[in-house]
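The chain contents come next:
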Amino acid sequence: MRTVNILGATGSVGTSTLDLVERAPDAFRVRALTAHRDVAGLAAAAIRTRAELAVVADERSLPALREALAGTGIATAGGAEAVCEAAANGADWTMGAIVGCAGLRPTMAAIAQGGTVVLANKEPLVSAGDIITAAARASGATLLPADSEHNAIFQCLDPARVARVRRIILTASGGPFRDWTLDDMAAVTPAQAVAHPNWSMGAKISVDSATMMNKGLELIEAVRLFPVPSERIEIVIHRQSVIHSLVDYVDGSMLAQLGPSDMRVPIAHCLAWPDRMATPMEPLDLVRLGRLDFEAPDPERFRALALARAAAEAGGARPAIMNAANEVAVAAFLAGAIGFLEIAAIVDDTLQRYDPAAPETIDAVLDVDGEARRMAGERVKDGVA
Ligand code: NAD
Ligand code: MG
């Protein structure tokens, strides 16, 4: 019996995790579930799983949560600090599925406990990856990647033979606009951008997939998680999203992980690791699939890829600035304040205007993050020149 926390339990990854946990009530006991302000979703999940504690990050939602859970015996708490306290409750296994850098402090709190910490939440790894991995080494925490590409690499990469890896190949679906012209992309609406062809995901990562910034974030995520430099990580468009990534060894063997495009597959891998557990998905039908296609991404239409590669190579504060500006620009696009192509333009502009020293602590990362957000916010208001 493993005790489990789910940070960001009401989101896309959070509900996929809950689905697996609820199917195996003898294997998992839920301790804490957290959400931003979706009281109804959080309370329902807490009651179904008989969680010990439910936490809303938005303190103003706490009275409603208390009311929803009155008489159930489930404890409640509210505020960003309460999310960190819940993450530090010593559970055996924690899913980090908050969206954005808002997950950074809770992730660090979970890692300090030394259990297994599963990272779906990629933005903290991008902004503070070296600090996060160092904290895991110090506490003895096991970090497992739930992002499907990184989970695939984790399954294919022999840690004892890293020196024999020629390349890592990150596959990308290319998102909903992979075949669109730049002119057409200029007029894209938020509804079009969140309608991903292969995956069902939260709004922010769906927009990131449409700009391909998601793959840029994942390039940096891969550099943080695996001892392979960014020059040896390639990005290939694979529109079926069946091969989730590949490792190419010097002898010519390429190992790939295949599976349905359902996050429950990599999450199950992390839930059971190093064992395996059954999932409810149909096995892949290769004959029905028929073919797998690959093509090179177009850097002209997807500017985010070059921005992310440059940030990965430069390191220091660059990934944190890129991520923060992207979070602001994506939120502005979803709110209808800027156009689709302005997202990458604002990220580029913020990177050009702001070049602080490498942050060495979480507080310093959050300072860089805050300043980059402020600068990107100016451009949202005033427009990019
Ligand atoms: P989502 O928007 O569906 O859910 C986000 C969750 O975080 C919700 O529970 C929400 O209540 C909570 N949250 C939001 N803001 C918060 C805040 N300020 N403080 C505390 N909690 C907050 O997002 P998602 O699609 O599930 O993605 C979660 C993370 O996993 C992201 O970092 C994303 O990049 C990554 N990821 C998602 C998928 C996917 O298939 N959805 C795949 C790979 C990686
Ligand atoms: Mg991914």
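Counting restarts for each chain, with residues numbered from 1 along the sequence as it is written. A letter from A marks each chain and a number from 1 marks each ligand, given out in the order of writing. Given that this is a predicted model, residues contribute local features only at a pLDDT of at least 70 and side-chain atom pairs are listed and counted only at 80 or more, while totals for whole chains, interfaces and linings are drawn from all residues.

Looking up the protein in an unreviewed UniProt entry gives the name 1-deoxy-D-xylulose 5-phosphate reductoisomerase, with the organism given as Sphingomonas endophytica. UniProt positions are given in the numbering used here, feature names are shortened, and annotations may be inferred rather than shown by experiment. The UniProt entry for the protein carries the following text under Catalytic activity (unreviewed entry): "2-C-methyl-D-erythritol 4-phosphate + NADP(+) = 1-deoxy-D-xylulose 5-phosphate + NADPH + H(+)". The UniProt entry for the protein carries the following comment under Pathway (unreviewed entry): "Isoprenoid biosynthesis; isopentenyl diphosphate biosynthesis via DXP pathway; isopentenyl diphosphate from 1-deoxy-D-xylulose 5-phosphate: step 1/6."

Caption draft 1: Focus on the packing of helix 10 (residues 203–211) against helix 11 (residues 213–225). Here helix 10 crosses helix 11 at 95°, and the two axes come no closer than 5 Å. By the criterion of interaxial angle, the relationship of helix 10 to helix 11 is roughly perpendicular. Facing Ile 205, Asp 208, Ser 209 and Thr 211 of helix 10, the residues of helix 11 in contact are Met 213, Asn 214 and Leu 217. The residue inventory of the contact of helix 10 with helix 11, partitioned by class, reads three nonpolar, three polar and one charged. Think of each axis as a best-fit line through the C-alpha atoms, taken over the contacting stretch in the case of a helix, with angles from 0 to 180 degrees between the N-to-C directions. Only DSSP runs of H or I with at least four residues qualify as helices, and only runs of E with at least two residues qualify as strands; both kinds are numbered from the N terminus onward. Here the angle decides the label: under 35 degrees means roughly parallel, over 145 means roughly antiparallel, 65 to 115 means roughly perpendicular, and every other value means oblique. Here, residues touch in the contact sense if the C-beta positions derived from the backbone fall within 7 Å of one another. Any residue outside Ala, Val, Leu, Ile, Met, Phe, Trp, Tyr, Cys, Pro, Asp, Glu, Lys and Arg is labelled polar, Gly included; the first ten of those are nonpolar and the last four are charged.

Caption draft 2: Geometry of the domain arrangement of the protein. Source of the domain bounds: an automatic or database domain assignment. The domain architecture assigned to the protein consists of domain 1 (2–146), domain 2 (147–299) and domain 3 (315–385). Relative to domain 3, the C-alpha centre of domain 1 lies at a distance of 26 Å. Looking at the side of domain 1 that touches domain 3 element by element, the count peaks at five residues for helix 6 (residues 123–139). Looking at side-chain class alone, the side of domain 1 that touches domain 3 contains six nonpolar, two polar and one charged residues.

Caption draft 3: Inspection of the site of ligand 1 at higher detail. Around ligand 1 sit 27 residues in total, of which Gly 8, Gly 11, His 36, Met 201 and Gly 202 are the nearest. Among the elements of the structure, helix 1 (12–23) and helix 10 are those that each provide at least two residues to the shell around ligand 1. Residue classes in the shell around ligand 1 are distributed as 14 nonpolar, eight polar and five charged. Using a C-beta atom placed from the backbone, a residue is described as near a molecule or strand when that atom lies within 6 Å of it.

Caption draft 4: Local environment of the pairing of strand 8 (residues 165–172). Among the eight residues of strand 8, six are classified as buried, and the element is accordingly described as predominantly covered. As paired strands, strand 8 and strand 10 (residues 243–249) are joined by five bridges and run antiparallel to one another. Residue pairing for strand 10: Val 165 is matched across the bridge by Tyr 249. DSSP-based pairing: two strands are paired if at least 2 bridges between them are found. Relative to strand 9 (residues 233–237), strand 8 is paired through five bridges, and the arrangement is parallel. For Ile 168, the partnering residue across the bridge sits in strand 9 and is Ile 233. Counting other C-beta atoms within 10 Å of a residue's own tells you its class, since 20 or more makes it buried, 12 or fewer makes it exposed, and anything in between is partly exposed; those C-beta atoms are placed from the backbone.

Caption draft 5: Fine view of the UniProt feature "binding site: NADPH" (unreviewed entry) in the protein. UniProt's entry tags Thr 10, Gly 11, Ser 12, Val 13, Arg 37, Asn 121, Glu 123 and Gly 202 with the feature "binding site: NADPH" (unreviewed entry), counted in the numbering of this structure. Secondary-structure assignment places Val 13 in helix 1. Assessed through the 25 C-beta atoms surrounding it within 10 Å, Asn 121 is described here as buried. In contact with Asn 121, other than residues within four places in its own chain, are Gly 8, Gly 96, Ala 97, Ile 98, Val 99, Gly 103 and Thr 107.

Caption draft 6: The arrangement of the sheet that holds strand 1 (residues 2–7) in detail. Spatially, 4-3-2-1-5-6-7 is the arrangement adopted by the seven strands of the open sheet, whose pairing is parallel. The strands lining the two open edges of the sheet, one partner per strand, are strand 4 (75–78) and strand 7 (142–145). In this sheet, adjacent strand axes meet at a mean angle of 20° when their direction is disregarded. Bridge count for strand 1 against strand 5 (residues 93–96) is four bridges, and the pairing is parallel. Looking across to strand 5, one finds that Val 4 is bridged to Trp 93.

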